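# Observations on the model geometry
Letter by letter, the chains look like this.
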2 protein chains.
Amino acid sequence: MFICPKKYSNQTNMHVFFHSFICVNVFWCVHYFDGYSGGGVMAYSESQSDHGASIVESSETAPKRKKLVVLGTGWAGTSFLKNLDGSLYDVQVVSPRNYFSFTPLLPSVTCGTVEARSIVEPIRKIIKNKTGEIRFWEAECFKIDPVNKKVHCQANAGTNLNGNGEFVVDYDYLVIAMGARTNTFNTPGVVEHCHFLKEVEDAQKIRKSVIESLEKANLPNLSEEERKRNLQFVIVGGGPTGIEFAAELHDFLSEDVSKLYPNIHDLVRITVIQAGEHILSMFDKRITSFAEQKFKRDGIEVKTGYRVTNVSDKTITMMDRSKTATDLPYGMAVWSTGIGTRPVIRSFMEQIGQADRRALATDEWMRVQGLDNVYALGDCATIHQRKVMEDISAIFSVADKDNSGTLTVKEIQDVLGDICERYPQVELYLKSRAMGDLVDLLNDAQGDEKKKDKELSIEEFKNALAQVDSQVKFLPATAQVAAQQGEYLAKCFNRMKECEAKPEGPLRMRGAGRHQFHPFRYKHFGSFAPLGGEQTAAELPGDWISIGHSSQWLWYSVYASKQVSWRTRALVISDWTRRFIFGRDSSGI
Amino acid sequence: MFICPKKYSNQTNMHVFFHSFICVNVFWCVHYFDGYSGGGVMAYSESQSDHGASIVESSETAPKRKKLVVLGTGWAGTSFLKNLDGSLYDVQVVSPRNYFSFTPLLPSVTCGTVEARSIVEPIRKIIKNKTGEIRFWEAECFKIDPVNKKVHCQANAGTNLNGNGEFVVDYDYLVIAMGARTNTFNTPGVVEHCHFLKEVEDAQKIRKSVIESLEKANLPNLSEEERKRNLQFVIVGGGPTGIEFAAELHDFLSEDVSKLYPNIHDLVRITVIQAGEHILSMFDKRITSFAEQKFKRDGIEVKTGYRVTNVSDKTITMMDRSKTATDLPYGMAVWSTGIGTRPVIRSFMEQIGQADRRALATDEWMRVQGLDNVYALGDCATIHQRKVMEDISAIFSVADKDNSGTLTVKEIQDVLGDICERYPQVELYLKSRAMGDLVDLLNDAQGDEKKKDKELSIEEFKNALAQVDSQVKFLPATAQVAAQQGEYLAKCFNRMKECEAKPEGPLRMRGAGRHQFHPFRYKHFGSFAPLGGEQTAAELPGDWISIGHSSQWLWYSVYASKQVSWRTRALVISDWTRRFIFGRDSSGI
């Protein structure tokens, strides 16, 4: 099914939603493989023999390279590292995981369509091929100290490390790309009894747990009721991750499990609980309704308008809009309702006066508000777009070159480029109203008179732009956004000196920006929602919608091409092939 | 290197040693795939809708099929199930693992040469293609009650099962194939601090732990001494498993890790601690010495003549022959010193008066001594071969057809076939002395007189056979033995009725046997010891020895051909290919 373009009506939906979005523009990918295929040469030249604390401090003896510390090796951090010229800085990376994982395929890992190891790539392999020295510490940052420019880290210790495994790393520049955690909305029992689906380990645990539920339900000493309860799979959250998991689980159970557990297969139930009106609410309505119909046909129950209020070891309690509580006995539950702030980010936000926010606020150059050399990107950050109304007087006075107190159309047109770069909402607003330029807007605001030589007072200018800020959007918390941010920031770091000499940003529309660079601009390449049974819904650029088997093949090819290395690409493709030939494995390992 | 046949001098070595032995004769393999490729048809016909306790008891309503319970799904159990005609019995399988694992490749899993999932096959997939009804319960048997013919089982519960997850299964025939556990010789600290290498999970843990050691040693806050300790890998036990793991680890560290952790690679040490004089002592001496030399060249330290007496979290204490203790600081240790008895088998042995044994003693028909309908095979059992001397009077009187009190050569030759079948040590003894038949032996015992018509008294007969029982051998605890035993026993069960009517065993040499069947006879197909660097030592049938790269290719082809399904075969081969192209993955998952 291929549906013609239609305005994406949910554009204003500000919910952050996980992944499933295709990410990473092509240039990034190509750029990476340039570096990768040039391999063989050992660019990772950490050949000095000093270890220990001396490693961290060794950089102090190196004359001029500034210390750049990167926290996290997810989409944002890895994309940053891959695009960074490591020879310009003394780079240290801190992450509790020594690998990058291709998270959009996590739902496929939960049922064995793809193996966990096929979607991970060691971060050392990625940085090894970079020029310059990039060092990696497998540790968790538990405290950021922006006053003394230090990050405090805790090694993924184990029993075999002297002391408590803590160490401190100094920085000149800090890049925070630590991602987010699953938001439980403090619902009691969720952490204890539900699975999450954010890390590779989560997916592995879910896989084991699904098989365990089947084996348990098959045992001889269960009542029919208990058997049914063990086979009740619940997904809380109707976003792309939850829906994709539900679809994968359904495929696994109907394609593979039914043959091996024939006597219990009829008792299996999959239920999706969604607080809103519809599942996949961030997608086009046609996708939502297709998904809901397909799930109905497949026997996947979708309970919309329910909020989960409590999870016990055997029962999920939920409440509908009329506050009536319902108990649902369950065997296994996956919680996937959106993202929350990590504790270390939360306490950092409190330190820097951002306690009331949900994520680290940065300017359009990724710089954490109020701090000079700290950057944040990916799921742990939100770009705080300057509002036109905040700067309206400044804009007016910059535009009013002759200081006449009024703006001519010519004066406005002179600064229009800068305005649109600094305040992208202006361009979006014009597009949404199908207007050519700001002059149309000004005319529109003042009726039909098309006077090219009309002059505007500040009040008239303000009125004309009054609605513009409604177009300010928060970016979704997707891999696609994070990867683009990482690439953008790395390129800023690579051209730091060059752009200090020749600034390229919107110089005439300053505000408190970092005007040697263009501000970050996100480019959406479309998104997928796999729905099972070899059918996928795709929202492509230009608001094209495609649903069905053809999109599934598009999904296969895009996800294969976006893999981080030839190794993972080969593995993912061979996993898919293996699944077609032999089905999914149901061994409980 | 290919060395001409030489008498296998270590044949008398009675040590049970793990695996690495190629197993499963070709017929077994072919037979299996016959069943497998005939698939599509749902032979697993458990279509009755009754569940719960009723499932276990349902068989009571079925008129005549006897209840056959199989404990374990390792080499012995799986081989038994694959060869069994499931339509003849009401079969139930109890095992804590719902899959079969190809254990000879476990050392390859520890370093990612082969993935864990590539060597496992769900047991349900294996039994699904069988005729008849075979049911599987994922549970651990914790008590065998031979008096009431019941086994008590405990489900692999989790939090979601009512009660304590216990249930009881009745049997008419019981097949015990529960394997063994690693023998720690009660050395303090081993269970707490060492890894074992018996299960797939063990191999996965080792893999994670190796990467963890590297990441820990790379951290900035360590002293040189601590760094070295973290990089000291210790293998306790110089048998095939330990040696293969050491070789795999060395390959992984030198081929893959050295590029990614260049600054710590020089600090890595691998040490093998062996109580005996040599590693691989059950192999031909030429293999042993080749392995020792190769390890020396590779920088793998082999400490022979040391017994480990204590393991703490940071130090292994060992003692040499002169009782001098040495401390070895270590980062990670794998304990692989042989097999011990599982607690459930131990308590069963106490019940049936075998408390003083190391494994369940069975007769040559796999029947547990003293019990009529209980069979034991694989690593949890030892066949107790009847000695000639125990039965010498019975043998004499059977042979002495005319009750003359003496045996003529003709009389002896008449029963020679039966004697050799019932007491295979006779044949082995004749071979070892290069004698053609028993007559030579009798002549030998009485000097050179070659009188065909000589008559022997019972005393003379006794003297002639006096040395024969020295050839009685215990079978090694290998996959090869277990698989052959499983096949043998399944075929006995398949022909139970037929052979009751037409017994085929050594009827004239009875003892307390089960003479409708031929007794079990093990056929050794050779064994491999992979030594790393694409070199393998192979001991082939006919006492041929082959060492080097050619044997490695033989190893690849034999292990690929012996895989339990086309799926695992394809996966294992693709893993090997992947390793050649991309190397091994070092992500810490």
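Residues numbered from 1 in each chain as written. Chains lettered and ligands numbered in written order. Predicted model: local features only at pLDDT ≥ 70, side-chain atom pairs only at ≥ 80, totals over all residues. Heavy atoms only, no water.

Below, the discussion takes up the sheet that holds strand β16 (residues 325-329) of chain B. All names here are of chain B. Spatially, the three strands line up as an open sheet ordered β14-β15-β16, and their pairing is antiparallel. A strand with exactly one partner marks an edge of an open sheet, and here the two such strands are β14 (307-311) and β16. Neighbour to neighbour, the strand axes of the sheet diverge by 30° on average, direction disregarded. (Pairing = 2+ DSSP bridges. Helix = DSSP H or I, 4+ residues; strand = E, 2+ residues; numbered from the N terminus. Axes fitted to C-alpha atoms, helices over the stretch in contact; angles between N-to-C directions.)

The interface is formed by 73 residues belonging to chain B together with 73 residues belonging to chain A. Of the roughly 6,400 Å² buried at the junction of chain B and chain A (both faces included), carbon and sulfur atoms supply 54%. Applying the counting criterion to the chain B and chain A interface returns eight salt bridges. In this structure, the connection of chain B to chain A is made through 21 residue pairs in polar contact (both at pLDDT 80 or more). For the side of chain B that touches chain A, the element with the highest residue contribution is helix α7 (residues 200-217) of chain B, accounting for eight residues. Its residues assigned to classes, the side of chain B that touches chain A comprises 31 nonpolar, 17 polar and 25 charged. (Contact = heavy atoms within 4.5 Å. Buried area = accessible area lost by both parts, 1.4 Å probe. Salt bridge = Lys/Arg side-chain N within 4 Å of Asp/Glu carboxyl O. Polar contact = N/O pair within 3.5 Å; in protein donor to acceptor, adjacent residues only side chain to side chain. Nonpolar A, V, L, I, M, F, W, Y, C, P; charged D, E, K, R; others polar.)

With that settled, the discussion passes to the pattern of salt bridges. When their charged atoms lie close together, side chains carrying opposite charge are able to pair. All names here are of chain A. In total, this model carries 63 salt bridges over all chains according to the counting rule given. K150 is paired through a salt bridge with D170; the nearest N and O atoms lie 2.7 Å apart. Taken as a pair, K150 in strand β7 (residues 150-155) and D170 in strand β8 (residues 166-170) lie far apart in primary sequence, 20 residues in all. Since its relative accessible area comes to 28%, K150 is described here as partly exposed. A salt bridge links R386 to D391, with the nearest nitrogen and oxygen atoms 2.5 Å apart. A relative accessible area of 6% means that D391 is categorised as buried. (Buried < 20%, exposed > 50% of the residue type's maximum accessible area, 1.4 Å probe, protein only.)

Right, let's get into the sheet that holds strand β13 (residues 300-304) of chain B. All names here are of chain B. With parallel pairing, four strands are arranged side by side in an open sheet as β13-β12-β11-β17. Strand pairing shows two members of the sheet lacking a second neighbour, β13 and β17 (332-335), which therefore form its edges. Across this sheet, the average inter-strand angle for adjacent strands is 15°, counted without regard to direction.

The subject of this paragraph is a nonpolar patch on the surface. Together, W553(A), F580(A) and I581(A) make up an exposed nonpolar region whose accessible area comes to about 380 Å². Residue placement: F580(A) occurs in helix α20 (residues 566-582). (Patch = residues over 30% accessible without salt bridge, like charges linked within 9 Å, V, L, I, M, F, W, Y side chains within 5 Å. Areas by Shrake-Rupley, 256 points an atom, 1.4 Å probe, with all protein chains shown as cover.)

So, on to the relation of the copies chain B and chain A. Each copy of the sequence occupies a distinct position, and chain B is placed on chain A by a rotation of 180° and an axial shift of 0.0 Å, giving an RMSD of 0.1 Å. The operation mapping one copy onto its partner corresponds to a two-fold rotation axis. Taking the C-alpha atom as reference, chain B places S574(B) closest to the rotation axis, 4.4 Å from it. Taken as a fraction of all interface residues of chain B, those also at the interface in chain A reach 99%, which identifies the copy contact as same-surface. (Least-squares fit on C-alpha atoms with pLDDT ≥ 70 in both.)

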